[in-house]
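Summary of the model geometry
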Amino acid sequence: MPILYLSPSTQEENLYVNGGTEEQWMNRLADAMEPYLSAAGIRVVRNTPDMSAVSSIRASNAGNYDLHLALHSNAAPEGSYGQVRGVLVFYYPGSVKGREAAQLIADNLKTVYPLPDKVRTESTTSIGEVRRVRAPAVFLELGYHDNPDDASWVKQNLDAIARSIVLALTEYFGLPFLEPIRPKQAVVDVSWGALNIRDRPDLSAPVIARAYDGARLTVLGQWQGWYSVRFGDVLGWASSDFITLL
């Protein structure tokens with residue numbers, strides 16, 4: 001199953017012109033993303049507000065992640081405060097996977113940002129969470145928090161932004177996009193040894209866990225005869241034919 005390192009901003013000193021901080025609003029965006037990610041079977045490891053960019057990079061590099069995604073908002077240079085708008089999606093030059101993920105995310109954000117012509121991808125070697133991360137990396141600058149219109153867009157559209165980003169991630173990982181549902185408790189119902197839990201909804205996909213008859217699990221989403229499920233610490237996909245909802 002795909003594993004994402006999700007790194008919302010830890011910059012609590014960056015103030016939104018209409019209230020709150022970059023750290024606060026990017027963490028709320030990450031909160032809004034998580035139900036969509038879980039429904040699609042994408043496992044998430046996330047930094048914490050007490051971390052820094054340096055410790056987030058270190059934590060990401062200590063794991064084996066399929067993508068590192070940093071969530072930030074921007075600020076205009078001195079003398080231009082409040083006058084600049086737009087969304088920037090950064091990736092490392094030469095990273096084919098990073099560029100692919102960045103382009104997919106940008107294309108989806110154009111559908112929810114009010115000025116789609118101002119959403120663009122850009123390669124960079126100057127951002128640590130792109131340059132120093134071992135996994136393919138994308139660094140988002142979601143509008144300018146010193147611009148009232150951009151700041152309001154972020155705050156009033158957290159779910160739409162979260163949905164558009166995860167929609168891009170499901171395309172990147174080759175998974176179906178599912179609307180989140182209220183998690184449902186369920187049990188495995190098989191007449192043989194165990195039910196295979198796979199890393200994607202495909203009978204040829206690798207088996208990542210086996211759940212024996214009567215085992216409890218949590219259903220997070222449904223797609224074409226498959227459930228996305230949480231079984232212990234495992235997030236994956238299993239045939240809905242052999243799962244009974246409680």
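The structure presented is a predicted model; accordingly, all values stated were derived computationally and were not measured. Residue positions within a chain follow its written sequence, with the count starting from 1. With pLDDT at 70 or above as the cut-off, local features in this predicted model cover only qualifying residues; side-chain atom pairs require 80 or more to be listed or tallied, and sums for whole chains, interfaces and linings still use all residues. In computing side-chain values, all of the structure's heavy atoms are included and hydrogens and water are not.

1. Brief notes about the overall build of the protein chain
Rules: A helix here means a DSSP run of H or I that spans at least four residues, while a strand means a run of E at least two residues long, and both kinds are numbered starting from the N terminus. Radius of gyration means the value over C-alpha atoms here, while the globule rule gives 2.2 Å times the residue count to the 0.38 power. By the convention used here, residues are in contact when the closest approach between their heavy atoms is within 4.5 Å.
Looking only at helices and strands, the protein chain has six helices and 13 strands in total. Taking 2.2 N^0.38 as the reference for a compact globule, 246 residues should give roughly 18 Å; the C-alpha atoms of the protein chain span a radius of gyration of 19 Å, in line with that estimate. Counting only C-alpha atoms, the protein chain reaches 70 × 35 × 35 Å along its principal axes. For the protein chain, contacts bridging at least 24 residues in sequence account for 74% of all contacts bridging at least 6.

2. Some thoughts on helix α2 (residues 53-61)
We count it as follows: Only protein chains enter the accessibility calculation, which uses a 1.4 Å probe. A residue is then buried if its area is under 20% of the maximum for its type, exposed if over 50%, and partly exposed in between.
Considered for burial, the residues of α2 that qualify are S55, S56, I57 and S60. Summarising the contacts, the buried residues of α2 are in contact with β1 (3-8), β3 (67-74) and α4 (128-131).

3. Digging into the pattern of salt bridges
A side chain of one charge can pair with a side chain of the opposite charge when the charged atoms of the two come close. The condition that has to hold: Whenever a carboxyl oxygen of Asp or Glu lies within 4 Å of a side-chain nitrogen of Lys or Arg, that contact is scored as a salt bridge.
Enumeration over the complete set of coordinates arrives at seven salt bridges. Among the salt bridges present, the one from E34 reaches R46, with a minimum N-O distance of 2.8 Å. Of the two residues, E34 sits in helix α1 (residues 22-39) while R46 sits in strand β2 (residues 43-46), which places them 12 residues apart along the sequence. Taking the relative accessible area as the measure of exposure, R46 reaches 23% and is therefore partly exposed. The shortest N-O distance in the salt bridge between R200 and D199 comes to 3.7 Å. Judged by relative accessible area, which is 25%, R200 ranks as partly exposed. On the accessibility criterion, D199 (10% relative accessible area) is buried. One salt-bridge network, in which partners are shared between bridges, spans D31, E34 and R46.

4. Digging into the side chain of T124
Following the sequence through the fold, T124 ends up in the loop between β5 (119-123) and α4. T124 sits in the buried class, given a relative accessible area of 9%. Not counting residues within four places of it along the chain, the set of residues in contact with T124 comprises F90, Y91, Y92, P93 and V130.

5. A look at the nonpolar core
Using the following cut-off: Working definition of a nonpolar core: buried Ala, Val, Leu, Ile, Met, Phe, Trp, Tyr and Cys residues. They are joined through side-chain atoms within 4.5 Å.
Among the nonpolar cores identified, the biggest contains 48 residues, and L29, M33, L69, L71, L140, I165 and L169 are the most heavily contacted of them. Of all the secondary-structure elements, those providing two or more residues to this core are β1, α1, β3, β4 (87-91), α3 (96-109), β6 (137-144), α5 (148-156) and α6 (158-173). With residues near it in sequence (within four places) discarded, L71 still touches L6, S7, P8, S9, M26, L29, A30, M33, L140 and I165. Among the nonpolar cores identified, the runner-up in size contains 15 residues, and A186, V188, A209 and V219 belong to it.

6. Points about the UniProt feature "domain: SH3b" (unreviewed entry) in the protein chain
This is how it is decided: UniProt positions are given in the numbering used here, feature names are shortened, and annotations may be inferred rather than shown by experiment.
The feature "domain: SH3b" (unreviewed entry), as given by UniProt, occupies residues 183-246 in the numbering adopted here. End-to-end, the C-alpha atoms of residues 183-246 are 11 Å apart, and along that stretch the chain is 0% helix and 61% strand.

7. Looking at the side chain of S56
What counts, and what does not: N or O atoms closer than or at 3.5 Å make up a polar contact, with two conditions inside protein: a donor-capable atom paired with an acceptor-capable one, and, for residues adjacent in sequence, both atoms drawn from side chains.
Tracing the backbone through its elements, the reader meets S56 in helix α2. Residue class for S56 comes out buried when judged on its relative accessible area of 1%. Within the local environment of S56, its side chain forms a polar contact with the backbone oxygen of S52, the two atoms lying 2.8 Å apart. Once residues lying within four places of it in the same chain are set aside, the contact partners of S56 are Y5, S7, N47, M51, H68 and E129.

8. Here we look at the sheet that holds β2
For clarity, the threshold we go by: Think of it this way: DSSP has to see at least two bridges between two strands before they count as a pair. Angles run from 0 to 180 degrees between N-to-C directions of axes, and those axes are lines fitted to C-alpha atoms, restricted for helices to the stretch in contact.
With mixed pairing, the six strands of this open sheet are ordered in space as β2-β1-β3-β6-β4-β5. On the outer flanks of this sheet lie β2 and β5, each paired with one strand and no other. On average, each strand axis in the sheet is inclined to that of its neighbour by 25°, with strand direction left out of account. Its contacts with the sheet put α2 on β1 and β3, and the angle it makes with β1 is roughly 175°. Contacting β4 and β6, α5 runs over the sheet at an angle of about 120° to β6.

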